[in-house]
Amino acid sequence: MKTNTTPNARLIKRSLSSVWHPCSQMKHYASFPLVPISRGQGAWLYDFDGNKYLDTVSSWWVNLFGHCNPRINEAIRSQLETLEHVMLAGFTHEPVVELSERLRELAPEGLGHCFYGSDGASATEIALKMSAHYWRNSGKPAKTQFLSLENSYHGETLGALSVTDVALFRDAYGPLIRQQATVASPDSRNAAEGESSQAFALRCADALELHLQRHHTQIAAFIIEPLVQGAAGMAMYHPVYLQRARQLCDQYAVHLIADEIAVGMGRTGTMFACEQGGISPDFLLLSKGITGGYLPLSIVMTTESIYQEFYADKIAHGFLHSHSYTGNPLACRAALATLDIFASDNIVVANRQKSSYLNGIAEDLRGMPAVKNWRNTGMIWAFEVDSPHADFAQRCFQLALKHELLLRPMGNTVYFMPPYILSNAEIQHLLKCTRLVVEALA
Ligand SMILES: *Cc1c(COP(=O)(O)O)cnc(C)c1O
């Protein structure tokens, strides 16, 4: 951005005067400029001035198979010629039916009913409402509280914020939110000296048990991000916690909501993270990667017994929630094309090879004195950087761009959550340039 007159600079100027950007203090863009993107191809994003960036954060954790993926493009294009949208109340269409059937086959046992929303936060809202409404329909109207983990993130609409424990997103809206309880996160970084991540997870499950013992008559559901708490800074934990959470929720008649919006769709090394605990939740939330990162779509999958509690003559016993774009055919087609790629390219297995390739050549980065808590689950990597800079995240972002890399740290936590199509050469580029950035900021 050398002068005011490059195509990049012109678009930045127009954007700042008309677009209110998300998750941003707009004033900061005066010192840390926006990055205008003209096009995407594979794992790369291109600006208007001839620069390119490796999208290691999958454009906010949504992209799975690269930008402008020919197969997903073609699926959307052909759907576009048939039906772009129809309302889903009182109507149905092939893409939404096919997607629901295929997800039922793929998901953990027993999740046979799909309710559709438009984004992740709406999926959280739907699950919370459905859970409380279930208890009301079944004669337990006192069960209206929700329990979540410390440092949880489930979206930022008011209901979702009530189960989101990230102060920065939440504090300004405290008076608007119905306060909900949290229990200790099994985040392995908090294990005691010499304590295994499994032992620590079990200790946290004991705290969960104590809480449920005392409060279960008021609690409708326990909501978790299985295996990795993304917005907490890619906090990873042992799958035994999922197993114990499932047992305890059964024991105390509390629904278990698995928010797999970020960790589903192969991200943690299995199609769904819950598989690694060998469990089925009562509600499974999907969004982000479900359309390969193309279109907004979210899905709440639930069980026959929950579905049946709403199935009655009385209209008020039904689940009357709706969004205008519920089950949009274009988004469903993108999701179907995404599932096709998983099947035809055996992605879950291919990702294991990719993941182990990266791990095998990461020693130079991982071994740097400034790099702490190196961790990996499936296609997510994270570590903290010991840096004297209070604005480490912004500096890291800026400097990475100069190395053709899109890194977007959360505080001092640097993470990689790349699309699944990275080549070995791109993985080498990612590690080499991250090392240069860390070296400069340590
Ligand atoms: C991103 C995310 C959400 C919210 O999804 P949006 O589409 O941004 O509303 C909810 N839960 C988790 C775990 C997420 O990562």
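Just so it is clear, the structure is predicted and the values come from calculations on it, not from any experiment.

## Regarding the overall build of the protein chain
Across its full length, the protein chain carries 15 helices and 16 strands. In terms of overall dimensions, the protein chain is globule-like: its C-alpha atoms have a radius of gyration of 22 Å, near the 22 Å expected for 442 residues. Within the protein chain, the fraction of its 442 residues that count as buried is 52%. For the protein chain, the proportion of contacts with a sequence separation of at least 24, taken over those separated by at least 6, is 72%. On the protein chain, roughly 19700 Å² of surface is accessible, and the fraction owed to carbon and sulfur atoms is 53%. Between the averaged position of the 36 positive side-chain charges in the protein chain and that of its 41 negative side-chain charges there is a distance of 6 Å.

## A look at unusual backbone geometry
Here Ser59, not a glycine, exhibits a phi torsion of approximately 50 degrees, which is positive. Overall, Ser59 belongs to the partly exposed group, its relative accessible area being 31%. Phi is positive for Met234, close to 50 degrees, though the residue is something other than glycine. On the secondary structure map, Met234 appears in the loop between strand 8 (228–229) and strand 9 (235–236). Met234 sits in the buried class, given a relative accessible area of 0%.

## Remarks on the side chain of Thr377
Among the secondary structure elements, Thr377 is positioned in strand 13 (residues 371–377). Of the residues examined, Thr377 reaches a relative accessible area of 14% and is grouped as buried. Apart from residues no more than four positions distant in its own chain, Thr377 is found in contact with Leu227, Val228, Met236, Arg267 and Thr268.

## Quick word on the sheet that holds strand 15 (residues 405–406)
The 4 strands are arranged 1-2-3-15 in an open sheet whose pairing can be described as mixed. Each edge of the open sheet carries a strand with a single partner, namely strand 1 (39–41) and strand 15. Bridge count between strand 2 (residues 44–46) and strand 3 (residues 52–55): 3 bridges; the pairing is antiparallel. Bridging from a neighbouring strand, Tyr46 pairs with Lys52 of strand 3.

What counts, and at which threshold
Residues numbered from 1 in each chain as written. Predicted model: local features only at pLDDT ≥ 70, side-chain atom pairs only at ≥ 80, totals over all residues. Heavy atoms only, no water. Helix = DSSP H or I, 4+ residues; strand = E, 2+ residues; numbered from the N terminus. Rg over C-alpha atoms; globule rule 2.2 N^0.38 Å. Buried < 20%, exposed > 50% of the residue type's maximum accessible area, 1.4 Å probe, protein only. Contact = heavy atoms within 4.5 Å. Areas by Shrake-Rupley, 256 points an atom, 1.4 Å probe, with all protein chains shown as cover. Lys, Arg positive; Asp, Glu negative; His and termini not counted. Charge placed at Lys NZ, Arg CZ, Asp CG, Glu CD. Pairing = 2+ DSSP bridges.

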